[in-house]
Amino acid sequence: MSKTGKIIIVAVLIALVSIVIAMKQRNGTEAEPSSEKTAAAKTNQNSEQTHSEQTQTTQKNQDAEKLPHLVDLGAGKCIPCKMMKPILDDLKKNYNDQFKLTFIDVWDNPEKKKKYEIKVIPTQIFYDSDGEELFRHEGFYSKEDILSKWEELGIEIQKER
């Protein structure tokens, strides 16, 4: 197959994935409650927490501080960043006890672009539990590649989830 043919196939695949992601986000947005309702619900939930629950939350936060940390810097409207969103959501949901994950939108927070010295989005930065940068990747990064990179960096991750 010619180089031009391969490029066309990749472009078509990217366009299809972008359309699917946009449709999923549109459907997800309609089902989400308004931010005011969400804020009110959080306020009510916080005021109802008992002392014991607050202590447990504090302990979990302290434990989370000891975890390695993946920071993904991107933007809500960049195509590779949109492709990363479901991966990041899955990692955050299923691996939150093994590493922290933070997404920062550098278009909404331009000061973060300077702080993290971002040249290309998305950029993923891997930190150890002491906050030392271990590795930096620019561009789309698959779930499998992210989990493999943690292991390559000496962070044991249980992949079967």
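Conventions used here
- Residues numbered from 1 in each chain as written.
- Predicted model: local features only at pLDDT ≥ 70, side-chain atom pairs only at ≥ 80, totals over all residues.
- Heavy atoms only, no water.
- Helix = DSSP H or I, 4+ residues; strand = E, 2+ residues; numbered from the N terminus.
- Buried < 20%, exposed > 50% of the residue type's maximum accessible area, 1.4 Å probe, protein only.
- Polar contact = N/O pair within 3.5 Å; in protein donor to acceptor, adjacent residues only side chain to side chain.
- Core = buried A, V, L, I, M, F, W, Y, C linked by side-chain atoms within 4.5 Å.
- Phe/Tyr/Trp six-rings, centres within 6.5 Å; stacked < 30°, edge-to-face > 60°.
- Pairing = 2+ DSSP bridges.

Per an unreviewed UniProt entry, the protein is named Thioredoxin, and its organism is Sedimentisphaera cyanobacteriorum.

A. Spotlight on the side chain of His 69. With respect to the helices, strands and loops of the structure, His 69 is situated in strand β1 (residues 69-74). Overall, His 69 belongs to the buried group, its relative accessible area being 18%. Side chain to side chain, His 69 and Thr 102 meet in a polar contact 2.7 Å long.

B. Local environment of the nonpolar core. In this structure, Leu 70, Leu 91, Phe 99, Ile 146, Trp 150 and Ile 157 are the most contacted members of the largest nonpolar core, which totals 15 residues. Where this core is concerned, the elements lending two or more residues are α4 (79-94) and α6 (143-152). Of all hydrophobic cores here, the second largest spans eight residues; its members include Leu 73, Ile 104, Ile 118 and Tyr 127.

C. Quick look at the packing of aromatic side chains. On inspection of all chains with the given rule, the structure shows five aromatic pairs. Ring centres of Phe 126 and Tyr 141 lie 6.2 Å apart, and the angle between their planes is 85°; on these two criteria the pair is classed as edge-to-face. Pair noted here: Phe 126 is in strand β3 (residues 123-127) and Tyr 141 is in the loop between β4 (133-138) and α6, with a separation of 15 residues, a long-range link. Accessibility classification places Phe 126 together with Tyr 141 in one group, the buried group.

D. Summary view of the pairing of β3. The buried fraction of β3 amounts to five of the five residues, a majority that puts the element mostly inside the structure. Side chains of β3 alternate between two faces, with Thr 123, Ile 125 and Tyr 127 and Gln 124 and Phe 126 buried alike. Looking at chain direction, β1 and β3 are connected through five bridges and run antiparallel. Along β3, the bridge assignment pairs Asp 72 with Gln 124. Note that β3 and β4 share five bridges and pair antiparallel. Its bridge partner lying in β4, Ile 125 is registered against Arg 136.

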